[in-house]
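Summary of the model geometry
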Amino acid sequence: MSEKALIVIDVQNDFCPGGALAVTGGDEIVPMVNRLIGEFDHVVLTQDWHPASHSSFASVHPGKNPFETTEMRYGTQTLWPDHCVQGTDGAAFHADLEWTKAELVIRKGFRPAIDSYSAFFENDRTTPTGLAGYLRERGISDLTLVGLATDFCVAYSALDAVRSGFKATVLLEACRAIDLGGSLAAIKDEMAKAGVTLA
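Residues numbered from 1 in each chain as written. Predicted model: local features only at pLDDT ≥ 70, side-chain atom pairs only at ≥ 80, totals over all residues. Heavy atoms only, no water.

Here's the deal with the side chain of His-94
Inclusion rule: Strands here mean DSSP runs of E at least two residues long; helices mean DSSP runs of H or I at least four residues long; both are numbered from the N terminus. The buried label applies to any residue whose accessible area, calculated with a 1.4 Å probe on protein chains only, is under 20% of its type's maximum; exposed applies above 50%, and partly exposed to all values in between. In protein, a polar contact means a hydrogen-donor-capable atom and an acceptor-capable atom, both N or O and within 3.5 Å, with residues adjacent in sequence counting only if both atoms are side-chain atoms; elsewhere, any N or O pair within 3.5 Å suffices. Contact definition: two residues touch when any of their heavy atoms are within 4.5 Å.
Relative to the helices and strands, His-94 resides in the loop between strand E4 (75-78) and strand E5 (104-108). Owing to a relative accessible area of 15%, His-94 belongs among the buried residues under this scheme. In this structure the side chain of His-94 is engaged in a polar contact, spanning 3.0 Å, whose partner is the backbone nitrogen of Asp-96. In this view, His-94 contacts Val-11, Gln-12, Asn-13, Cys-16, Asp-27 and Val-30; residues no more than four positions away in its chain are not counted.

Thoughts on the packing of aromatic side chains
What counts here: Only rings of Phe, Tyr and Trp enter the pairing, Trp through its six-membered ring, and a pair is recorded when the two centres are within 6.5 Å. The plane angle decides the type: under 30 degrees is stacked, over 60 is edge-to-face, the rest tilted. Distance and angle both matter: a charge sits over a ring if NZ of Lys or CZ of Arg is within 6 Å of the ring centre and within 35 degrees of the ring normal.
Using the criterion set out here, one finds seven aromatic pairs in the structure. Ring centres 5.2 Å apart and planes at 90° place the aromatic pair Trp-80 and Phe-152 in the edge-to-face group. A residue pair is termed long-range when its members are at least 10 positions apart, and Trp-80 in the loop between E4 and E5 and Phe-152 in helix H3 (residues 150-163) qualify at 72 residues. Taken individually, Trp-80 and Phe-152 each receive the classification buried, so the pair is uniform in this respect. Plain terms: the ring middles of Phe-120 and Phe-166 are 5.8 Å apart, the flat faces sit at 35° to each other, and that makes the pair tilted. Taken together, the residues span a long stretch of sequence, with Phe-120 in the loop between E5 and helix H2 (131-137) and Phe-166 in the loop between H3 and strand E7 (167-176) at a distance of 46 residues. Sitting above the plane of the Tyr-134 ring, Arg-138 keeps its charged end 3.7 Å from the centroid.

Describing the nonpolar core
For clarity, the threshold we go by: What is meant by a nonpolar core is a set of buried Ala, Val, Leu, Ile, Met, Phe, Trp, Tyr and Cys residues, joined one to another through side-chain atoms within 4.5 Å.
Formed by 57 residues in total, the largest nonpolar core has its most connected members in Val-8, Phe-120, Leu-143 and Leu-145. Elements represented by at least two residues in this core include exactly strand E1 (4-9), helix H1 (30-39), strand E2 (43-48), H2, strand E6 (142-148), H3, E7 and helix H4 (183-194).

Some points on the pattern of salt bridges
Stated precisely, the cut-off is as follows: For this analysis, a salt bridge means a side-chain nitrogen from Lys or Arg found within 4 Å of a carboxyl oxygen belonging to Asp or Glu.
Applying the stated criterion across every chain, the model contains eight salt bridges. Where Lys-108 meets Asp-10, a salt bridge forms, and the shortest distance between an N and an O atom there is 2.8 Å. Of this pair, Lys-108 sits in strand E5 while Asp-10 sits in the loop between E1 and H1; the two residues are 98 residues apart in sequence, bridging distant segments of the chain. Judged by its relative accessible area of 0%, Asp-10 falls in the buried class. One salt bridge in this structure joins Glu-122 and Arg-111, with 2.3 Å as the shortest N-O distance. Of this pair, Glu-122 sits in the loop between E5 and H2 while Arg-111 sits in the loop between E5 and H2, placing them eleven residues apart in sequence. Its relative accessible area of 32% is what places Arg-111 among the partly exposed residues.

Regarding H4
Defined as follows: In this analysis, the expected span of each helix is defined as 1.5 Å times one less than the number of residues it contains. Summarising the geometry, the arc corresponds to the directions from the helix axis toward the C-beta atoms.
The end-to-end C-alpha distance of H4, which contains twelve residues, comes to 16 Å, matching closely the 16 Å that a straight helix rising 1.5 Å per residue would cover. What H4 keeps buried is the set Ser-183, Ile-187 and Met-191. Considered in projection along H4, the buried side chains sweep an arc of 60° and stay on one side of the axis. Away from the buried face of H4 by more than 90 degrees, exposed residues Ala-185 and Lys-193 are located.

Some details on empty space enclosed by the protein
Over the atoms rolls a probe the size of a water molecule, and in doing so it shows where empty space is left. For clarity, the cut-off: In this analysis the probe radius is 1.4 Å and the grid spacing 1 Å, with only protein atoms considered; a cavity is a set of points the probe fits into but cannot get out of, a pocket is an open set with protein on both sides within 12 Å along at least five of seven lines, and lining residues have an atom within 4 Å of a point. Grid points are joined across faces, edges and corners, and a volume is the space filled by probe spheres set on the points. Only Asp, Glu, Lys and Arg are considered charged in this grouping, and only Ala, Val, Leu, Ile, Met, Phe, Trp, Tyr, Cys and Pro are considered nonpolar; every other residue, Gly among them, is considered polar.
Within this structure, the stated rule accounts for one cavity of 30 Å³ or more. Computed from the structure, the largest cavity encloses a volume of approximately 120 Å³. Along the walls of the largest cavity sit 15 residues, with Phe-15, Leu-21, His-83, Tyr-117 and Cys-153 positioned nearest its centre. Residue composition of the lining of the largest cavity, grouped by class: nine nonpolar, three polar and three charged.

Rendered as structure tokens:
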């Protein structure tokens, strides 16, 4: 079995054009992601999976607007439009995503009091999703990450992959970014310094 796996991050309707938290060009990556899914022996998907009234939603913080921040017990939290609510069409994978080959779907962000960007840890940086153990038990050490959005869930996942002892490559052409106030350039620099390969 291959030591390599493709990690597909949050290719969901709410992150694509027309969605509640649309990433510009988010749907453009689907053909590339499908091609990559076909090339890898191991495929893992993540799915943002929030309960209604999740603490990261601006709508539950009176006087706050989307993309403002607030302080949570685990640090500064960007507040988002309501998105990827469990069981809604917005939380579903993009209709053209050929995802059925996936061996595992990691759902994240389902704990009401804490957000989760990374495929490996909640935003408190200590609560694991179980992905690292899953990969290690299968002898997988080399990860390629694609999906949405480059500067949040993809980057956090790549950084945590390296911190967890995996080799991580982000294929930038198969990602799209939100780019809040220069967040893309900053996170690309952080990933490079941490040892993530940007391809």
